[in-house]
Amino acid sequence: MAGKADRLAPYRAKRDAARTREPVPPPGPLPQGRDDTFVIQEHHATALHWDVRLERDGVLVSWAVPKGLPLDPSTNHLAVHTEDHPLEYAAFEGEIPQGEYGGGNVILWDRGTYECEKWTDTEVKVVLHGSRISGRYVLFAAGKRGGRDWMVHRMDPPPDPEWQPLPSLVRPMMAVAGSLPPESEDDRWAYEMKWDGVRTIAYVEGGRIRLLSRNERDVTAAYPELRELGESLGTTQAVLDGEVVALDPQTALPSFERLQQRMHVVRPAQVRRLTRDVPVTFLLFDIVHLDGRALTALPYVDRRSLLESLDLNGAHWQTTPSWTGGGRAVLSASAAQGLEGVVAKRLDSAYFPGRRSDCWVKVKNLRTQEVVIGGWKPGEGRRADTIGSLLLGIPSARGLDFVGHVGTGFSDRALTDLRSMVAPLRSDVSPFVAVPREHARQARWVRPELVGEVAYADWTRNGRLRHPTWRGLRPDKDPAEVVREP
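Calculation criteria
- Residues numbered from 1 in each chain as written.
- Predicted model: local features only at pLDDT ≥ 70, side-chain atom pairs only at ≥ 80, totals over all residues.
- Heavy atoms only, no water.
- Helix = DSSP H or I, 4+ residues; strand = E, 2+ residues; numbered from the N terminus.
- Contact = heavy atoms within 4.5 Å.
- Areas by Shrake-Rupley, 256 points an atom, 1.4 Å probe, with all protein chains shown as cover.
- Lys, Arg positive; Asp, Glu negative; His and termini not counted.
- Charge placed at Lys NZ, Arg CZ, Asp CG, Glu CD.
- Pairing = 2+ DSSP bridges.
- Axes fitted to C-alpha atoms, helices over the stretch in contact; angles between N-to-C directions.
- Buried < 20%, exposed > 50% of the residue type's maximum accessible area, 1.4 Å probe, protein only.
- Arc of directions from axis to C-beta.
- 1 Å grid on protein atoms, 1.4 Å probe; cavity = no way out; pocket = protein on both sides within 12 Å on 5 of 7 lines; lining within 4 Å.
- Points joined across faces, edges and corners; volume = space filled by probe spheres on them.
- Nonpolar A, V, L, I, M, F, W, Y, C, P; charged D, E, K, R; others polar.
- Polar contact = N/O pair within 3.5 Å; in protein donor to acceptor, adjacent residues only side chain to side chain.
- Phe/Tyr/Trp six-rings, centres within 6.5 Å; stacked < 30°, edge-to-face > 60°.
- Lys NZ or Arg CZ within 6 Å of the ring centre and 35° of its normal.
- Core = buried A, V, L, I, M, F, W, Y, C linked by side-chain atoms within 4.5 Å.
- Salt bridge = Lys/Arg side-chain N within 4 Å of Asp/Glu carboxyl O.

**What to know about the overall build of the chain**
In terms of helices and strands, the chain carries eight helices and 29 strands. When the backbone C-alpha atoms are referred to their principal axes, the chain occupies close to 90 × 55 × 40 Å. A separation threshold of at least 6 residues defines the contact pool for the chain, and within that pool the share at least 24 residues apart is 62%. With the model as given, the accessible surface of the chain reaches about 23100 Å², and the carbon-plus-sulfur share is 49%. Charged side chains in the chain number 64 positive and 65 negative. The centres of these two groups are separated by 7 Å.

Here it is as structure tokens:
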């Protein structure tokens, strides 16, 4: 190991005092402090992390902690041992120029004093006394001796005795279809616009975000522009409920047709291109967990207050408006804007994960229906080698009930995508309970694994969709979840 006067040599070698505002002291004897200062700096560099620094023998011994110090003693966090920093760095915050080592914004997140219980080359045990974080922690080497990979563990119980870890799965609460509440009860309800997108639950911890669709598919990689939402929350833990939409650049309204371009893409190069050409926005309307506290039992009005207090409005995410009372006016405004409708939510309603509850009622301007694809028929003439129409079903106690066919609303791209997706599902038998002879003729059957959505005028007396128009596939939905809308 180098002598004390050389401990900052690696630090100086990585920085040019003419290009960065960081303190870069000249070589020389190190200052002597009391070895009791600690600082935590939130560092928005290439990847968000928190720099934990402990004063020791005239320098700040430093670790980069990607998810911040844990509050749960059952969870350890990675801590990367970095070069020693000068004591002056304990007061530094500001912008490190891009292109320089550690380029990005540095914020003083917490500072205070610490007591040292143990300090060796492979283990550091301390008690922190800060304004935002306090308690006993141990940092310990997790790899080879002298390596950079360490872990940090909280030795004390969580600060809040009722603290709960971030849940790994919260199934979304669902609304029933219906009409507006009676005017006599109007002031007991809140009204939100019904957005034309895909339901998504966001799990945010340590500045990182994980996105799950309604059918529990991890779609984080599909929407990289939402990563900054996690970073904006810093160390805040949260589970957020909302809708991912693609806004029409002309109207600034959600376009389900545009969103279709993002819903099936998994290849990174395509995702990067579409992030630029067809960006998405996450519209947030509920919060079900916040900083160690489950919020599902709270009434809607209290959850909305907590959500709004986070002020989550950024380049690709917004907290949606909510109106108490005035349901008729909100529904009328949604129709005037060409939106799908509204969702009425009881102000005193808890959040029921995974349940469809009449405490939430969706009131539609546009009649839409989720359907299961059970087969297809080829087109005619020059379109004989393409899909002419899809045969549609809805699950019931009997099996898959045939509810009609749809042959309009397809773009050329949609037909190409559909053909590639139904090809592997080919089947020799019909998945329907029964199919009229005129539809069974020339039908190509498929296993009922794909869900789509149609707009329609009405239901016929024999349970068929009247004048359906294709809207798109719904990879966020499972066939078993499809129910007939009234």
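**Comments concerning the sheet that holds strand 11 (residues 174-177)**
Pairing within the open sheet is mixed, and its five strands lie in the order 11-21-20-12-19. Whereas interior strands pair on both sides, the edge strands pair on one side only; in this sheet they are strand 11 and strand 19 (323-324). Note that strand 12 (residues 189-194) and strand 19 share two bridges and pair antiparallel. Opposite Y191, over in strand 19, you have W323 as the bridge partner. Of the strands in this sheet, strand 12, strand 20 (341-346) and strand 21 (356-364) touch helix 5 (residues 300-309), which is tilted by about 55° from strand 12.

**A word on unusual backbone geometry**
Phi angles above zero are rare outside glycine, and D291 is one such case at about 45°. You can see D291 is positioned in the loop between strand 16 (281-290) and strand 17 (293-294). By relative accessible area, D291 is classed as partly exposed at 43%. Notably, Q442 is not glycine yet its phi reads approximately 70°, a positive angle. Examined against the element boundaries, Q442 turns out to sit in the loop between helix 8 (437-440) and strand 25 (444-445). Relative accessible area serves as the criterion here: at 55%, Q442 is assigned to the exposed category.

**Focus: helix 5**
The complete set of buried residues in helix 5 reads Y300, R303, R304 and L307. Along the long axis of helix 5, the arc covered by the buried residues comes to 100°, so they all point the same way. Contact partners of the buried residues in helix 5: strand 12, strand 15 (238-245), strand 16, strand 18 (317-319), strand 20 and strand 21. In the segment just after helix 5, D311 is the residue with positive phi, at about 50°.

**Overview of empty space enclosed by the protein**
Scanning the entire structure with this criterion turns up three cavities of 30 Å³ or more. When its volume is computed, the largest cavity comes out at roughly 510 Å³. Lining the largest cavity are 30 residues, and of these K194, R199, R214, E243 and K362 sit closest to its centre. Going through the elements one at a time, strand 11, strand 12, strand 20, strand 21 and strand 22 (368-378) are the ones with two or more residues in the lining of the largest cavity. Its residues assigned to classes, the lining of the largest cavity comprises nine nonpolar, three polar and 18 charged.

**As for the environment of E95**
Checked against the element boundaries, E95 lands in strand 6 (residues 94-96). For E95, a relative accessible area of 39% gives the class partly exposed. Measuring from C-alpha to C-alpha, the distance between E95 and G399 comes to 62 Å, with 304 residues separating the pair along the chain. Setting aside chain neighbours within four positions, we find E95 in contact with R21, G104 and N105.

**Section: the side chain of N215**
Summarising the element assignment, N215 is placed in the loop between strand 14 (208-213) and helix 2 (227-232). Overall, N215 belongs to the buried group, its relative accessible area being 15%. A polar contact is formed between the side chain of N215 and the backbone oxygen of P475, at a distance of 2.8 Å. At 3.5 Å, the side chain of N215 forms a polar contact with the side chain of D478. Excluding its chain neighbours within four sequence positions, the residues that come into contact with N215 are P475, D476, K477 and D478.

**Structural notes on the packing of aromatic side chains**
With the rule as written, the count across this model stands at nine aromatic pairs. Ring centres of Y351 and W360 lie 5.8 Å apart, and the angle between their planes is 80°; on these two criteria the pair is classed as edge-to-face. Each of the two residues, Y351 as well as W360, counts as buried. Here a set of aromatic residues connected by ring pairs shows up, and it is made of Y11, Y89 and F92. Between R210 and the ring centre of Y203, over which it is positioned, the NZ or CZ distance is 4.4 Å. Above the ring of F352, the side-chain terminus of R355 is found at 4.5 Å from the ring centroid.

**Overview of the nonpolar core**
Judged by nonpolar contacts, the single largest core of 32 residues is most densely connected at L211, Y223, L240, V244, L259, F282 and L312. Those elements that provide at least two residues to this core are strand 13 (198-205), strand 14, strand 15, helix 3 (256-263), helix 4 (268-277) and strand 16. Among the elements that take part in this core, strand 16 stands out by supplying four residues, more than any other. The residues contacting Y223, other than those within four sequence positions of it, are V198, L211, V244, R262, M263 and V280. Within the second largest apolar cluster, 31 residues are counted, among which are W376, V403, L415 and V446.

**A few points about the pattern of salt bridges**
Per the stated rule, a full pass over the model turns up 35 salt bridges. For R304, the salt bridge identified is with E308, shortest N-O distance 3.0 Å. Note that R304 and E308 are positioned in helix 5 at a spacing of four residues, about one turn of the helix. A relative accessible area of 5% means that R304 is categorised as buried. E308 sits in the partly exposed class, given a relative accessible area of 45%. Through salt bridges with shared partners, one network takes in D196, E453, R471, R474 and D476.

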